[in-house]
Structures are given as C-alpha cells and as structure tokens.
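A closer look at the structure
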There are 2 protein chains.
Amino acid sequence: MKVKKEITIYDIADKLGVSTATVSRALKNNPSTSLSTRKKINAMAESMGYRPNLFASSLRSQKTHTIGVILHELNSSFITSVLAGIEKIASEAKYNLIIVHSAESVALEEVNARNLFNKRVDGVIASLSSDTENLSHFQQFQNKNIPVVFFDRVFEKSDDAKVIINNFQAGYDATAHLIEQGCRRIAHITSSLKRNVYSERMRGYKQALLDNNLKFDEKLVVVEGLKEEDATRAAKQILALKTLPDGIFITNDFCAAVVMQVLKDAGIQIPRDIAIVGFNNDNIGKVVSPKLTTINYPGFEMGKVAAHNLINHLKGVWDLSLSSTVVIKSELIIRESSLKKASTSHK
Amino acid sequence: MKVKKEITIYDIADKLGVSTATVSRALKNNPSTSLSTRKKINAMAESMGYRPNLFASSLRSQKTHTIGVILHELNSSFITSVLAGIEKIASEAKYNLIIVHSAESVALEEVNARNLFNKRVDGVIASLSSDTENLSHFQQFQNKNIPVVFFDRVFEKSDDAKVIINNFQAGYDATAHLIEQGCRRIAHITSSLKRNVYSERMRGYKQALLDNNLKFDEKLVVVEGLKEEDATRAAKQILALKTLPDGIFITNDFCAAVVMQVLKDAGIQIPRDIAIVGFNNDNIGKVVSPKLTTINYPGFEMGKVAAHNLINHLKGVWDLSLSSTVVIKSELIIRESSLKKASTSHK
DNA sequence: AAATATTATGCAACCGATTACTATTTAGAA
DNA sequence: TTCTAAATAGTAATCGGTTGCATAATATTT
C-alpha cells in the first residue's frame, strides 16, 4: 500500500514559481499579497490536496488556536449543555477544543491539566472534580499567561475568572419551596462540601430554615457521592432516622431519582409523606414518578459565556481579570415531587 | 507580567556541555546513552522545568501518539463507559486522546473527521451519527494508512475493523422474552434504520415474531429520534392505534423511560397492560417505575477492545485487517417492566 | 521628469526535537 | 602490544510553516 506524499507549501511554491513566503501569506489571506496570486495559490493548494501542517505552524507561531476543556465528569445533561455552549462559540471563532474529563478525581485532573499544558493550549475552561483541594496544578497556566476560566465547580474566594450560578440562592429557593409546601422537617442530601456548589447550596438551605424559624439539625444532612450506590446509601440513612423527614432537598437529580426509588420501595409516598426537590434539571427528572421538582441549571448559557470571555481575552478585546465572576440566572422548576399541598399519592 | 522563557533541549545541553542529540536520546531513555549521563540529563531537565515541545517532536518524527475518538453523542452512560474503556487502554499505552462528538449529525461528523485528520492523529475510533450514509469522509484516513476502528454504530457490510454486539440476537432475545411473558401484539419503537444497530435489532424482532407464529405488522413499528420529544411523539403514536399493543420493545432506555411516562399518564399499567423492554442498560432504567427490563450493552469492554486492537495495530504487533469484526457479548437484564406473568400493577 | 510612497514578493533565519552518519573512546580478543 | 568490536557522543540536516527585513515594481506627487 503506497501512501501519497504530503503536499507542503514548498510543492505549491515550486509549481507556481513563487516563494514559500508568498504561499504562506496567500493561504492566510494576508492582504500584503495581491488578490490575483492569492486566488492562484489557493486554487493550486486546493487542487493539489494541500493540508497545512499544524505542528509546523504551531511550532513557529507559538499559537495553537486550541482551548482545553477540563470537565469533572461528562455524564449529565448539564455538562453536555455546557459543552454545546462552548463548542458553539469556539467553532464560530475558529478555535479547536481538546476535551478531557477527570472522572471526579484530582489525580486525573492534574494529569489532564499537565497534558493540556504540554499540548500548549491557548486557554483553559475548567470545572473542578469533587476532591480537588487547591488550584496548584493550574499555576502552570498562570505562569505562562495562559488564561483559565472556571465554571460550575470553582473556588469562589479565588479571584480567577469564573462563571457560576448563585448556588446559595438556589439552595434557599429549593428549601423555601419545601417549607411553603408545608414541610417542617427537611433533610438535605448533598456531596463533597469542599465544592462551592454544594457548600453554598447548603448555606442557602440553612438560611431558609433559619428565616422560617426551623431548627437546623445536623442529623438531617447526608453527605455522599453522586453515584447510584452512594444515593442508595444516602436514602437508607434517611430511612434509618428515628423520625423521618417530611421533605428532602437533594443536590443532584440523578441522586434524587435513586433516593425516590428507594423510598418508594420502602412504602413511602412522594410527595405526600416526603416531598422532594432535586437539582440540575436533568432529563431524568421528567421520567420518574412523580416528576421531579428541581433547579434549572443553564448549562448552555454558562458554556457560551465561559468560552466567549476566554476567547475575547485571547483576542485582546477584553480582559478577563476585569470582571472575574459572572453569575448566570437559575430558577426553580416545580413539578410533582414537591407538591405536598395538591398531593395525589404516588407509589 | 513577565513570562519565563521556555526551556529547550538546547538549554539543557548548554548547561551540561553535551550535544542536543545526547539530551534528546537521554530523555527518551535511549540505550545508546550511558546510564550516568542519562541520569544527569533527566535530573537537569527536571530541575530546569523542561517540558518537551510536542509540536517540534511531532513535526520531526511524523508521529503524534494521539488517537482521535469520534462519538455520535456523549449523553448516555453507554458512551461514557466506552470512553472509560478506551481511556484505560490508551493511557496505559501512553497514547493521548482527542475526543470529538458529532451530536448525531453527518455534517459535524465530517468536520470532526477532517479536524482529526489535520491534527494528524495516528489512529481513529469512531461510532457513526444517525444520518451518516457513507464512509467517504473516512477515506482520507485509509489513503494515509491511518487505521480506523468503528464500534457500535458501524456499517456491517464494510470490511473495516469494527467492534459490535450481536444486535440481531439482542433484538430477538428482547422480543422473545416479551412473547414468553404472554405478549401477542408487540410494538417496536426504534430509530434511524440507516444504522445497523437499529435495523439489526428490528430484524431480530421480526424473526422472533416469525418463529413464534406472530404476524409482523408494519403499523406497530415506530421510527423516531432519540430525544425526549421524539419519544413522546412515538408514545402518542402508539396510543393512537386502534388496538393497543400488549408489549413494546424500545431500542433505547431513555426513550423507553419517556414512553413509559406517557403511557402511565394515559392510565396504562405497566407491565400489566403493556410490557416494556428497553435497550442499553442505562442508569435511568433503575430509577423509573417499574424498573426497566433492558439489554446490557457492555460499553467498557467495547472501548477496551477497540483501543486495544487499534494500538496493537499501530505498534505493529497485530494487523487490524486480519480480524475485522469483533463481537462482544450482550445479555437481557430482566427487571419489572416486562414481567407480565408475575405482574403486580404499577401506576 | 524626478522624487517619493505604495504594493508585492523574495530571502533567510527561526521554532525545537529527531536521527542518520561519523568520530571518539573503551573494552576485549588475538 | 596491536587490532577489532562495542559503547558513547557529536555533527548537521531535516520536519513545514512564519515573519522581519530587503528589494523590486508600480503608482502618486510635485
């Protein structure tokens, strides 16, 4: 099997009797080449099947036109939406993406960061994995002036650029809604409190209790992972309480779905006995019974904003350090799982 | 803000008074360097904060040590598992991945293929989007002897390397199980029959009917997309039938979950009135009521096999063209949604 | 018509690592 | 001790674009 030799600008230059400099400029539509040669060269490149060698280009120009995206996971529709938002903006601006995910592990996150660094990405968009304790593995980017935008899972106190929702408010709204539905003993199932998203939501939960003269009870807070077995364990922990709660605010829709399943299997009626509010507005919420009340997490918007700000910074038309934090609107979506007042029983 | 200059092998060579050739060899642990200089050089590289310039390396060696992965989508746990399998094998072999997804669109798939091609990946692993009609955009890889392994969504008649399950058998098993449960009028909700996975499952469905003396009825087959609104439409189409079916084989778990929801909302009891079998063994199947009977799709295994075969081919210890098709085992997982015989009613 | 400005192109160094080939040193064999 | 082979290391060309600077060609101004 023989392989056709790769066409280079030298081949094009030879064929047309011009210099490689002219070819290079023409292919980039550099205005210091005449329109006629530009057309001639582009036509020839096309007909010869030329494809640019990005390594040579990046080596020389020290630019890759590539953005690295570090995701904590990629199994939720939230993350998929974020990605879609990033892709939309990036492709419009002719930036390529390298997408990596850390499977919720710092170790992998560090490896991923290193890889992106070695691949010389021009910028980074990242969401932290659940056990990340510090941002030292992002220092390498700052040392080289490679901009980083965090989204969703961030360190709120750092002054890095970030795109988030108001998790405190969302947690508050979710809890207040349960209270408004008549719940008086509200449990909270959440995940690693190292992560801003979860600690903030919990802060909102506490504040809502406080504002409604309900006592915060540590025994009603369950901290677990986000996988099926974690959620099952969390549900069992709830079931083991001496007095069952009459409402649960769960920080993730998939978890909420699993918890609901376990509770239903134990004969509990939702929302009559226990009302449930989830978080994320994942697809899953619409196919469980009862349908899940949740917080809509505007992933597509977040992705667009993150990519937009990063790329504008790269282009020099915007300075990321000026507005470090962008807060995107989120909102409560009320479905059946929390409607205690109008409760028709579900099994 | 000043940026430290990038360290190159020239800097290391200067510092130690050796040639760049020696440095290059030492960093690669080439045995034609003495152990002592090798140690000296690696230590110096480490202390100077050297990082290899992959562009220079790839430019010169014409190898990228990178595998491109084209996914039709990335929102199912099946795809996530495949990815995990690929990543496991690739990282063990020190290959990098570039993951792209086509959002079920040929147009995007073509762009993605082109991008991977221009990035000069050493090999490709791909699953086709729902409307791909031919493999012409993969021709470019073959022309350059870049190996491609397809998985899941493939062209079965082509002799490209591929990793699949026996979709015919799975469709047969799913349908036979419904028949065994007493169903006599079985509908089938599926997606683009251009895709082998769906057409083969349907072939299995038909064959199972035939083998059990049940007539195939075109009106009982609904072809739709895989999104929520598509599934809703499919369910409504079922509900609009003059005579309702007593069983449905649905080619995707998420669709099945949505369909179940719509049917339940219409007052139909599952599995008593209609028994349901899904496909994929997605997480969602465990949190719907009743829990979903489905076909387990061994994504992790498929990913591992695809990556393994590709990398071995790249290393020259294996020839992909020798065993073009690998079939991975799949199996029926029986849960509640299909158990008509032992039916306790679910609402 | 001469002087100046503008436009288009070429020259050649450069980005950083790899590697075929050559040279030197050292060890082992005769 | 002399010669050959093996072990190390160096030289320099190469991968394919990019770009500052110089030059030539053409247009504009005076």
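About the cut-offs
Residues numbered from 1 in each chain as written. Chains lettered and ligands numbered in written order. Predicted model: local features only at pLDDT ≥ 70, side-chain atom pairs only at ≥ 80, totals over all residues. Heavy atoms only, no water. Helix = DSSP H or I, 4+ residues; strand = E, 2+ residues; numbered from the N terminus. Rg over C-alpha atoms; globule rule 2.2 N^0.38 Å. Buried < 20%, exposed > 50% of the residue type's maximum accessible area, 1.4 Å probe, protein only. Contact = heavy atoms within 4.5 Å. Areas by Shrake-Rupley, 256 points an atom, 1.4 Å probe, with all protein chains shown as cover. Lys, Arg positive; Asp, Glu negative; His and termini not counted. Charge placed at Lys NZ, Arg CZ, Asp CG, Glu CD. UniProt positions renumbered as here; feature names shortened; annotations may be inferred. Core = buried A, V, L, I, M, F, W, Y, C linked by side-chain atoms within 4.5 Å. Salt bridge = Lys/Arg side-chain N within 4 Å of Asp/Glu carboxyl O. Pairing = 2+ DSSP bridges. Axes fitted to C-alpha atoms, helices over the stretch in contact; angles between N-to-C directions. Phe/Tyr/Trp six-rings, centres within 6.5 Å; stacked < 30°, edge-to-face > 60°. Least-squares fit on C-alpha atoms with pLDDT ≥ 70 in both. Buried area = accessible area lost by both parts, 1.4 Å probe. Polar contact = N/O pair within 3.5 Å; in protein donor to acceptor, adjacent residues only side chain to side chain. Near = heavy atom within 4 Å. Nonpolar A, V, L, I, M, F, W, Y, C, P; charged D, E, K, R; others polar.

**Points about the overall build of chain A**
- Secondary structure summary: chain A contains 12 helices and 12 strands in total.
- Whereas a compact globule of 347 residues would reach a radius of gyration of roughly 20 Å, chain A reaches 26 Å, over 25% beyond that.
- For chain A, the spread of C-alpha atoms along the three principal axes comes to 85 × 40 × 35 Å.
- A total of 347 residues make up chain A; the buried ones form 56% of that total.
- Considering only contacts in chain A between residues 6 or more positions apart, those separated by 24 or more positions represent 73%.
- Within the structure as shown, chain A displays about 15200 Å² of accessible surface, and the carbon and sulfur contribution to it stands at 52%.
- Mean positive and mean negative side-chain charge positions of chain A (45 and 36 charges, respectively) differ by 6 Å.

**Re the UniProt feature "domain: HTH lacI-type" (unreviewed entry) in chain A**
- UniProt records the feature "domain: HTH lacI-type" (unreviewed entry) for residues 7-61 of chain A in the present numbering.
- Each end of residues 7-61 of chain A is marked by a C-alpha atom, and these two atoms are 20 Å apart; helix forms 69% of the span and strand 0%.

**With respect to the nonpolar core**
- Formed by 152 residues in total, the largest nonpolar core has its most connected members in Ile 248 and Ile 276 of chain A together with Ile 248 and Ile 276 of chain B.
- With residues near it in sequence (within four places) discarded, Ile 276 of chain A still touches Leu 178, Ile 248, Ile 250, Ala 256, Met 260, Leu 263, Ile 270, Leu 292, Thr 293, Ser 337 and Ser 338 of chain A.

**What to know about the pattern of salt bridges**
All names here are of chain A.
- Considering all chains together, one arrives at 28 salt bridges over all chains under this definition.
- In this structure, the salt-bridge partner of Arg 203 is Glu 200, at a minimum N-O distance of 3.1 Å. Placement of the pair is Arg 203 and Glu 200 together in helix 9 (residues 196-211), with a separation of 3 residues, close to one helical turn.
- On the basis of relative accessibility, which here comes to 14%, the residue Glu 200 falls in the buried class.

**Regarding the sheet that holds strand 9 (residues 275-277) of chain A**
Residue and element names in this part refer to chain A.
- Ordered by their spatial adjacency, 4 strands build an open sheet running 7-6-8-9, and the pairing between neighbours is parallel. Whereas interior strands pair on both sides, the edge strands pair on one side only; in this sheet they are strand 7 (221-223) and strand 9. Strand-to-strand, the axes of this sheet are offset by a mean angle of 15 degrees, without reference to chain direction.
- With 3 bridges joining them, strand 6 (residues 186-190) and strand 7 adopt parallel strand pairing. Across the sheet, His 188 pairs through a bridge with Val 221, a residue of strand 7.
- Packing against the sheet, helix 8 (residues 167-180) makes contact with strand 6, strand 8 (247-250) and strand 9, and its axis sits at approximately 165 degrees to strand 8.
- Contacting strand 6, strand 7 and strand 8, helix 9 crosses the sheet at an angle of about 175 degrees to strand 6.

**Description of the packing of aromatic side chains**
- On inspection of all chains with the given rule, the structure shows 17 aromatic pairs over all chains.
- Taking the centre distance of 5.0 Å and the plane angle of 75 degrees together, the rings of Phe 138 of chain B and Phe 150 of chain B count as edge-to-face. With Phe 138 of chain B in the loop between strand 3 (123-126) and helix 7 (139-143) and Phe 150 of chain B in strand 4 (residues 148-151), this residue pair connects regions lying 12 residues apart in the sequence. Per residue, the accessibility class of Phe 138 of chain B equals that of Phe 150 of chain B, and both read buried.
- A centroid spacing of 6.0 Å and a plane angle of 70 degrees characterise the contact between Phe 279 of chain B and Tyr 297 of chain B, whose relative ring orientation is edge-to-face. Taken together, the residues span a long stretch of sequence, with Phe 279 of chain B in the loop between strand 9 (275-277) and strand 10 (294-296) and Tyr 297 of chain B in the loop between strand 10 and helix 12 (299-315) at a distance of 18 residues.
- Accessibility expressed as a relative area gives 0% for Phe 279 of chain B, which makes it buried.
- Counting every residue linked through ring pairs, the aromatic cluster contains Phe 78, Phe 249, Phe 279 and Tyr 297 of chain A.

**Some points on the relation of the copies chain B and chain A**
- Of the two same-sequence chains, chain B is brought onto chain A (RMSD 0.1 Å, axial shift 0.1 Å) by a rotation of 180 degrees. Between the two chains, the operation in question is that of a two-fold axis.
- Here 100% of the interface residues in chain B have copies in chain A that are interface residues too; the copies meet face to matching face.

**Some remarks on unusual backbone geometry**
All names here are of chain A.
- With an omega dihedral of 5 degrees, the bond running from Ile 270 to Pro 271 counts as a cis peptide bond.
- Counting through the fold element by element, Pro 271 comes out in the loop between helix 11 (253-265) and strand 9.
- In the Ramachandran plot, His 65 falls in the positive-phi region, its phi being about 55 degrees despite a non-glycine side chain.
- Following the sequence through the fold, His 65 ends up in the loop between helix 4 (54-61) and strand 1 (66-71).
- When its relative accessible area of 34% is taken as the criterion, His 65 is described as partly exposed.

**Some remarks on the pairing of strand 3 of chain B**
All names here are of chain B.
- Alternating positions in strand 3 separate into two faces, Gly 123 and Ile 125 on one and Val 124 and Ala 126 on the other, with burial throughout.
- The pairing of strand 1 (residues 66-71) with strand 3 spans 4 bridges and is parallel. Across the sheet, the residue bridging to Ile 67 is Gly 123, located in strand 3.
- As defined by bridge partners, strand 3 adjoins strand 4 across 3 bridges and the pair is classed as parallel. By the bridge assignment, Ile 125 is partnered in strand 4 with Val 149.

**What to know about the interface of chain B and chain A**
- On the chain A side, the residues contacting the 44 residues of chain B number 44 residues.
- Where chain B abuts chain A, roughly 4600 Å² becomes buried across the two surfaces, and 54% of that area is made up of carbon and sulfur atoms.
- The largest per-residue losses of area from chain B upon contact with chain A belong to Arg 51, Phe 55 and Arg 120 of chain B, which jointly make up 17% of the total buried on that side.
- Residue Glu 228 of chain A pairs with Lys 286 of chain B through a salt bridge whose shortest N-O separation is 2.8 Å.
- Taken together, the connections running from chain B to chain A amount to 12 residue pairs in polar contact (both at pLDDT 80 or more).
- When residues of the side of chain B that touches chain A are traced back to their parent elements, those giving at least two are helix 4 (54-61), helix 5 (77-92), strand 2 (96-101), helix 6 (106-118) and helix 11 (253-265) of chain B.

**Brief notes about the protein's contact with DNA strand D**
- By nearness alone, 28 residues border DNA strand D, and Ile 9, Arg 25, Lys 28 and Arg 60 of chain A together with Thr 22 of chain B come closest of all.
- Considering DNA strand D, the proportion of its atoms within 4 Å of the protein that are sugar or phosphate atoms stands at 56%.
- One of the side-chain N or O atoms of Ser 24 of chain A is found 2.9 Å from a phosphate oxygen in DNA strand D.
- Here a base nitrogen of DNA strand D sits 3.2 Å away from a polar atom, N or O, in the main chain of Ala 56 of chain A.
- Contributions of two or more residues to the surface near DNA strand D are made by helix 1 (9-16), helix 2 (20-27) and helix 4 of chain A together with helix 2 (20-27) and helix 4 of chain B.
- If you tally residues by element for the surface near DNA strand D, the top one is helix 2 of chain A, at 4 residues.
- Its residues assigned to classes, the surface near DNA strand D shows 9 nonpolar, 13 polar and 6 charged.

**Observations concerning the protein's contact with DNA strand C**
- Around DNA strand C lies a shell of 27 residues, among which Thr 22 of chain A together with Ile 9, Lys 28, Tyr 50 and Arg 60 of chain B are the nearest.
- A share of 62% is what sugar and phosphate atoms reach among the atoms of DNA strand C within 4 Å of the protein.
- Arg 25 of chain A is positioned such that a nitrogen or oxygen atom in its side chain is 2.8 Å from a base oxygen of DNA strand C.
- Contacts to DNA strand C include Arg 60 of chain B, whose side-chain N or O atom sits 2.3 Å from a base oxygen.
- Every element with two or more residues in the surface near DNA strand C is listed here: helix 2 and helix 4 of chain A together with helix 1 (9-16), helix 2 and helix 4 of chain B.

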